[in-house]
Amino acid sequence: MKQKRFILQESEIPRQWYNIQADMVNKPQPLIHPGTKQPIKAEDLFPLFNEECSRQEFNQTDRWIDIPEEVLEKYAYYRSTPLVRAYGLEEAIGTPAHIYFKNESVSPMGSHKLNSAIPQVYYCKKEGVKNVTTETGAGQWGASLSYAAKLFGLECAVYQVKISYEQKPYRRNIMQVFGAQVTPSPSMSTRAGKDILTKDPTHQGSLGTAISEAVELAQMTPDCKYTLGSVLNHVSLHQTVIGLEAEKQMAMAGEYPDVVIACFGGGSNFSGIAYPFMRHTICEGKKTRYIAAEPASCPKLTKGKFMYDFGDEAGYTPLIPMYSLGHDFKPSLIHAGGLRYHGAGAIVSQLRKDGYIEAVDIEQNDSFKAGVLFAKSEGIIPAPESCHAIAATINEALKCKETGEEKVILFNLSGHGLVDMSAYDQYLTGQLG
Ligand SMILES: *Cc1c(COP(=O)(O)O)cnc(C)c1O
């Protein structure tokens, strides 16, 4: 029997996160305060975010950052995640390429997002914070934050975009199972929400309305902090456990990737799998390719421009130096909700500008076609977001089939799609354009 799965012992789980900022030749440009036009410092974020994550955000000197013991304990609930040689997919494609995937779908919430929710809530608790809040669209980040809050005994309030709250009840139910208070946004519970509803009582909500409400709640409530599940540097930092584990597991398999692929929303799972390998490219000149797979309907890395832009639709955040489609860009309602974000984050954008990162865009139908082929050959139904990484992987593997090259391709399976079967239903019944 072929050996397929590589798993690390608990003692081999990484003890430190990798901070690529320390190794970057050109550091990311500073975040800018939209009012004063001055660079933002860690202290400027303290009113909103916990202090440790604020400091991590701006840390350009420490290559390795210790993972707290309490966080490691919770990581051990589901880490290491398996690295799997996808023999079934290789056979289905008929490629000489060796395909591996890192299976982040085995986390309790079914995606990589818990890797950052756990440390964010832990630091809040350590700093005496009692409540955490956030916004969520489809609900993946909200679900992970709710569970992490439960693990550490904090209260959690999530503003969910109203239309998702009503049309996609299952992740809302997951958040509620873990005791989170879930409010459809816009709501009457904040001034921002009241203003929006007064103007338009039938407003269906957007990430913009939900962000404004969560930020207002964090600012108005004592002992309450706001959290984000992607885009920011400290989120990418926490996600490097994925790539650090994968590096050891690839060594167990006796291989090293020629190509590393992940889907791209705000960049956290891509950064997580790519940066630990990229350190060998930056520091030792290793010739690995890094491919970000984004949806054709939201192509910030392939078609966006490098600019200073707001991180949110409403224009509340600092200005971020990044590839962006413009903060008022309205992506179509694709099922890969986690990829519907207009920008790319500061580190990834600088690395793309400096030529380390390639990007491809994938049509929605092609992503589901790839996801179904993967499910049939590997037995796991991938999240609609992850289907983009699979489609990009298949494209690379098909090139190898033409040239006969035995390239080693590693992709990140960011999550499973078992709560997204209505999306598969639409694909299977031909309702996706
Ligand atoms: C949120 C999410 C994404 C996109 O977010 P990134 O920060 O770009 O990783 C991708 N896949 C899954 C399963 C998600 O939940």
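Scroll up to find the structure this text is about.
Residues numbered from 1 in each chain as written. Predicted model: local features only at pLDDT ≥ 70, side-chain atom pairs only at ≥ 80, totals over all residues. Heavy atoms only, no water.

K.L.:
What am I meant to see in the overall build of the protein here?
P.N.:
Each helix and strand in the protein was counted, giving 17 helices and 15 strands. Against the 2.2 N^0.38 benchmark of 22 Å for 433 residues, the protein shows a C-alpha radius of gyration of 20 Å, consistent with a compact globule. The buried share of the protein, taken over its 433 residues, is 61%. Considering only intrachain contacts with a sequence separation of at least 6, the fraction spanning at least 24 residues in the protein is 75%. Between the centroid of the 43 positive side chains of the protein and the centroid of its 48 negative side chains there is a distance of 1 Å. (Helix = DSSP H or I, 4+ residues; strand = E, 2+ residues; numbered from the N terminus. Rg over C-alpha atoms; globule rule 2.2 N^0.38 Å. Buried < 20%, exposed > 50% of the residue type's maximum accessible area, 1.4 Å probe, protein only. Contact = heavy atoms within 4.5 Å. Lys, Arg positive; Asp, Glu negative; His and termini not counted. Charge placed at Lys NZ, Arg CZ, Asp CG, Glu CD.)

K.L.:
Honestly, the packing of aromatic side chains in this entry has me stumped. Any pointers?
P.N.:
Centre-to-centre distance and the angle between the planes together describe a pair of aromatic rings. By the definition in use, this model includes 14 aromatic pairs. Taken together, a centroid distance of 5.1 Å and an interplanar angle of 55° make the contact between Y147 and F178 tilted. Of this pair, Y147 sits in helix α6 (residues 140-152) while F178 sits in the loop between α8 (169-177) and β8 (181-185), and the two are 31 residues apart along the sequence. The ring of Y256 has K286 lying over it, and the distance from NZ or CZ to the ring centre is 4.5 Å. In this structure, R352 packs its charged tip against the face of Y323, placed 6.0 Å from the ring centre. (Phe/Tyr/Trp six-rings, centres within 6.5 Å; stacked < 30°, edge-to-face > 60°. Lys NZ or Arg CZ within 6 Å of the ring centre and 35° of its normal.)

K.L.:
Which parts of the structure should I look at to understand the pattern of salt bridges?
P.N.:
Side chains that differ in sign of charge can pair as their charged atoms come close. Scanning the model with the defined rule gives 14 salt bridges in all. A salt bridge links E245 to R79; its shortest N-O distance comes to 2.8 Å. Linking E245 in helix α11 (residues 233-252) with R79 in the loop between α3 (69-75) and β4 (83-85), this pair joins segments that are 166 residues apart in sequence. A residue is classified by how much of its surface remains accessible, and E245, at 0% relative accessible area, is buried. With a closest N to O distance of 2.6 Å, R85 and E90 form a salt bridge. Comparing R85 with E90 shows no difference in burial state: the two are buried. When salt bridges with common partners are traced through the structure, they connect R79, K102, E104 and E245 into a single cluster. (Salt bridge = Lys/Arg side-chain N within 4 Å of Asp/Glu carboxyl O.)

K.L.:
Is there a simple way to think about the site of the ligand in this case?
P.N.:
Taken together, the neighbourhood of the ligand is formed by 18 residues, with K113, S230, G265, S268 and N269 sitting nearest. Between the ligand and N269 there is a distance of 2.7 Å, counted from an oxygen atom to a side-chain nitrogen or oxygen. Here the ligand has 380 Å² of accessible area as a free molecule, and 98% of this is covered by the chains. Across the shell around the ligand, the residue classes tally to four nonpolar, twelve polar and two charged. (Near = heavy atom within 4 Å. Polar contact = N/O pair within 3.5 Å; in protein donor to acceptor, adjacent residues only side chain to side chain. Areas by Shrake-Rupley, 256 points an atom, 1.4 Å probe, with all protein chains shown as cover. Nonpolar A, V, L, I, M, F, W, Y, C, P; charged D, E, K, R; others polar.)

K.L.:
Help me understand the packing of helix α5 (residues 114-126) against α11 in this model?
P.N.:
Axes are the key here: two packed helices are described by the angle between their axes and the distance separating the axes. Running from N to C, α5 and α11 point in directions that differ by 125°, and their axes come no closer than 8 Å. Taken together, α5 and α11 sit at an angle that is classed as oblique. As α5 packs across α11, the resulting crossing turns out to be right-handed. Residues N115, S116, P119, Q120 and Y123 of α5 form the contact with α11, whose own contacting residues are H234, V235, H238, Q239, V241 and I242. Among the residues making up the contact of α5 with α11, the classes are represented as five nonpolar, six polar and no charged. (Axes fitted to C-alpha atoms, helices over the stretch in contact; angles between N-to-C directions. Parallel < 35°, antiparallel > 145°, perpendicular 65-115°, else oblique. Left-handed = near helix turned anticlockwise from the far one by under 90°.)

K.L.:
Help me out: how do you make sense of helix α9 (residues 191-199) in this one?
P.N.:
Side chains of residues three or four places apart in an α-helix project in the same direction, reflecting 3.6 residues per turn. Of the positions making up α9, those classed as buried are A192, G193 and L197. Each buried residue of α9 sits inside an arc of 125° when the element is viewed along its axis, so together they form one side. Away from its buried face by more than 90 degrees, α9 exposes R191, T198 and K199. Lining the buried residues of α9 we find α7 (162-167) and α10 (207-220). Backbone nitrogen of G193 and a side-chain oxygen of the N-cap are separated by 2.9 Å at the start of α9; the cap is T190. (Arc of directions from axis to C-beta.)

K.L.:
Teacher, can you tell me more about the side chain of N233 here?
P.N.:
Tracing the sequence through the fold places N233 in helix α11. With relative accessibility at 11%, the residue N233 sits in the buried group. Sequence-distant contacts of N233, that is, excluding residues within four places in its chain, are made with Q21, E57, A346 and I347.

K.L.:
Can you walk me through the sheet that holds strand β9 (residues 224-226) in this structure?
P.N.:
Through backbone hydrogen bonds, the strands of a sheet pair up, either in parallel or in antiparallel fashion. Read across the sheet, four strands follow the order β8-β7-β6-β9 without closing on themselves; strand pairing throughout is parallel. Only two strands of the sheet have a single neighbouring strand rather than two, namely β8 and β9. In this sheet, neighbouring strand axes are inclined to one another by 25° on average, regardless of whether the strands run parallel or antiparallel. In terms of strand pairing, strand β6 (residues 131-136) meets strand β7 (residues 155-161) through six bridges, oriented parallel. In the strand pairing of β7, T134 is matched with V158. Contacts between α10 and the sheet are confined to β6, β7, β8 and β9, with β6 contributing the most and set at about 170° to the helix. (Pairing = 2+ DSSP bridges.)

Geometric descriptors of this kind do not, in isolation, establish any biological role.
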